[in-house]
Amino acid sequence: MVEDYVVSQMPMVAFALYASRLYPDRHPGLANRPPEAQRYIATEGDEMRAPHYRWMSEKVAPENIVAVSADPATRLQMMVRGTGCGFLPVRTADRLGTLIQLAPPRREWALPLWLVTHRETHRTARVSAAIRVIRRCARNYAMAED
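Described below are features of the structure shown in this document. This structure is a prediction, so every number in the text was calculated from the model and none was measured.

Definitions and limits used
Residues numbered from 1 in each chain as written. Predicted model: local features only at pLDDT ≥ 70, side-chain atom pairs only at ≥ 80, totals over all residues. Heavy atoms only, no water. Pairing = 2+ DSSP bridges. Helix = DSSP H or I, 4+ residues; strand = E, 2+ residues; numbered from the N terminus. Axes fitted to C-alpha atoms, helices over the stretch in contact; angles between N-to-C directions. Buried < 20%, exposed > 50% of the residue type's maximum accessible area, 1.4 Å probe, protein only. Arc of directions from axis to C-beta. Contact = heavy atoms within 4.5 Å. Polar contact = N/O pair within 3.5 Å; in protein donor to acceptor, adjacent residues only side chain to side chain. Phe/Tyr/Trp six-rings, centres within 6.5 Å; stacked < 30°, edge-to-face > 60°. Patch = residues over 30% accessible without salt bridge, like charges linked within 9 Å, V, L, I, M, F, W, Y side chains within 5 Å. Areas by Shrake-Rupley, 256 points an atom, 1.4 Å probe, with all protein chains shown as cover. Salt bridge = Lys/Arg side-chain N within 4 Å of Asp/Glu carboxyl O. Lys, Arg positive; Asp, Glu negative; His and termini not counted. Charge placed at Lys NZ, Arg CZ, Asp CG, Glu CD.

**Description of the sheet that holds strand S5 (residues 86-89)**
Inference 1: Strand order in the open sheet made by the 3 strands is S5-S2-S6, with antiparallel pairing throughout. A strand with exactly one partner marks an edge of an open sheet, and here the two such strands are S5 and strand S6 (99-103). Across the sheet, the mean angle separating the axes of adjacent strands is 55° when strand polarity is ignored.
Inference 2: Sheet analysis places strand S2 (residues 15-20) next to S5, joined by 4 bridges and oriented antiparallel.

Here's what the structure looks like:
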């Protein structure tokens, strides 16, 4: 039952559009065009429900989707090799340090996160400690406040 759970909204995860440093050389003129005009590496399946992928399916022409993979590691490798651009959490891309940002984070691309715990264990020491760690990690990925 719903009343058996404690549901807490976490910070929204900031996503931006990234590509390899090779992308502008491999696709001259594209790097300065709007996000809708870029060459995309997309996903499939359940991941398409994420806000940034819903945006992609609504705004990006099918001919601008140059590759599709359900595997995040494969998509990242295609981005690093300059095949196309894709969405990544800002914190992840910053930590990689090998990509350029083609478009800054947008609220419409941000991913909402929710933390759900069982009411009976929510206030136990172990669960409380885990919640603190999860919240601290989530803040690192949070969308900047307007």
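There is more to say, and it comes next.
**Here's the deal with helix H3 (residues 72-80)**
Inference 1: Three or more residues of H3 are buried, namely Arg 75, Met 78 and Met 79. Axial view of H3: buried residues confined to an arc of 100°, hence all on one face.
Inference 2: In the segment just after H3, Gly 82 is the residue with positive phi, at about 90°.

**As for the environment of Ser 69**
Inference 1: Its place among the elements puts Ser 69 in the loop between strand S4 (65-68) and H3.
Inference 2: Judged by relative accessible area, Ser 69 falls into the buried class, the value being 10%.
Inference 3: For the pair Ser 69 and Val 80, spaced 11 residues apart in sequence, the C-alpha separation works out to 14 Å.
Inference 4: With near-sequence residues (within four places) excluded, Ser 69 lies in contact with Ala 42, Thr 43, Glu 44, Thr 74, Arg 75 and Met 78.

**A closer look at the side chain of Ser 8**
Inference 1: Summarising the element assignment, Ser 8 is placed in strand S1 (residues 5-9).
Inference 2: Overall, Ser 8 belongs to the buried group, its relative accessible area being 16%.
Inference 3: A polar contact is formed between the side chain of Ser 8 and the side chain of Arg 135, at a distance of 3.5 Å.

**Observations concerning the side chain of His 52**
Inference 1: Looking at the secondary structure, you find His 52 in helix H2 (residues 51-59).
Inference 2: The exposure class of His 52 is buried, given its relative accessible area of 3%.
Inference 3: The residues contacting His 52, other than those within four sequence positions of it, are Phe 15, Phe 87, Glu 108 and Trp 109.

**Some remarks on the packing of aromatic side chains**
Inference 1: Using the criterion set out here, one finds 6 aromatic pairs in the structure.
Inference 2: Ring plane angle 85° and centroid distance 6.1 Å describe the contact between Tyr 53 and Phe 87, whose orientation is recorded as edge-to-face. Residue Tyr 53 is located in helix H2, and its partner Phe 87 is located in strand S5; the two are separated by 34 residues in the primary sequence.
Inference 3: The interplanar angle of 85° and the centroid separation of 6.0 Å between the aromatic rings of Trp 55 and Phe 87 together place this pair among those described as edge-to-face. Residue Trp 55 is located in helix H2, and its partner Phe 87 is located in strand S5; the two are separated by 32 residues in the primary sequence.
Inference 4: Relative accessible area serves as the criterion here: at 4%, Phe 87 is assigned to the buried category.
Inference 5: Taken together, the ring pairs connect Tyr 40, Tyr 53, Trp 55, Phe 87 and Trp 109 into an aromatic cluster.

**Some remarks on a positive patch on the surface**
Inference 1: On the surface, Arg 132, Arg 135, Arg 136 and Arg 139 cluster together into a patch of positive charge.
Inference 2: Of note, Arg 135 is situated in helix H5 (residues 125-140).
Inference 3: For Arg 135, a relative accessible area of 30% puts it in the partly exposed group.

**Here's the deal with the pattern of salt bridges**
Inference 1: Counted by the stated rule, this structure contains 2 salt bridges.
Inference 2: In this structure, Glu 47 engages Arg 75 in a salt bridge whose closest nitrogen and oxygen atoms are separated by 2.8 Å. Of this pair, Glu 47 sits in the loop between strand S3 (40-42) and H2 while Arg 75 is found in helix H3, placing the two residues 28 residues apart along the sequence.
Inference 3: According to the relative accessible area criterion, Glu 47 is partly exposed, its value standing at 32%.
Inference 4: Overall, the relative accessible area of 7% leaves Arg 75 in the buried class.
Inference 5: For Glu 108, the salt bridge identified is with Arg 106, shortest N-O distance 3.3 Å.

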